Amino acid sequence: MIARIYQPARNAMTSGQAKTKTWILEFAQASARDIDPLMGWTGSDDTQSQIKLRFSSKQAAIEYAKENGIDAQVTEPQKRKPNIRAGGYGDNFATHRKGPWTH
């Protein structure tokens, strides 16, 4: 039973950092998915691949995997550089701007 421990990336549709502070232990798929001939739905008899365990820290996830005999591969997150401007958002509408504001 192989698992992956990672910290999820932020949603591409938002600029917020919600749900990116936790660490997730997710099991790898053990068997191939099959297609139901009648309905065409994709299914699998592997229920472990449906489980996602959330932890508050990376160390807690690693300890859980060791206690339960799970081979886990840890993937370190790629941190993004913060985009902080000196004037902030309000500087877009300041009266001392040298040029007109355009999109």
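We now turn to the structure provided with this report. Note that the coordinates shown come from a computational prediction; the quantities given were computed from them, not determined experimentally.

## Considerations on the side chain of Asp46
Move 1: Its place among the elements puts Asp46 in the loop between strand 4 (42–43) and strand 5 (52–55).
Move 2: The buried charged residue Asp46 lacks any salt bridge partner; its closest oppositely charged side chain belongs to Arg33, at an N-O distance of 7.5 Å.
Move 3: Here the side chain of Asp46 touches Gln48 through a polar contact of 3.4 Å, landing on its backbone nitrogen.
Move 4: If sequence neighbours within four positions are ignored, Asp46 has contacts with Ala28, Gln29, Ala30 and Ser31.

## Quick look at the environment of Glu26
Move 1: As for its placement among the helices and strands, Glu26 is situated in strand 2 (residues 23–27).
Move 2: Residue classification places Glu26 among the buried positions, given a relative accessible area of 18%.
Move 3: For Glu26 and Met39, which are 13 residues apart along the polypeptide, the C-alpha to C-alpha distance reads 28 Å.
Move 4: When residues no more than four places from it in sequence are discounted, the contact partners of Glu26 are Ala3, Arg4, Tyr6, Ile51 and Lys52.

About the criteria used
- Residues numbered from 1 in each chain as written.
- Predicted model: local features only at pLDDT ≥ 70, side-chain atom pairs only at ≥ 80, totals over all residues.
- Heavy atoms only, no water.
- Helix = DSSP H or I, 4+ residues; strand = E, 2+ residues; numbered from the N terminus.
- Buried < 20%, exposed > 50% of the residue type's maximum accessible area, 1.4 Å probe, protein only.
- Lys, Arg positive; Asp, Glu negative; His and termini not counted.
- Salt bridge = Lys/Arg side-chain N within 4 Å of Asp/Glu carboxyl O.
- Polar contact = N/O pair within 3.5 Å; in protein donor to acceptor, adjacent residues only side chain to side chain.
- Contact = heavy atoms within 4.5 Å.

So far we have only geometry, and geometry alone does not tell us how the molecule works.
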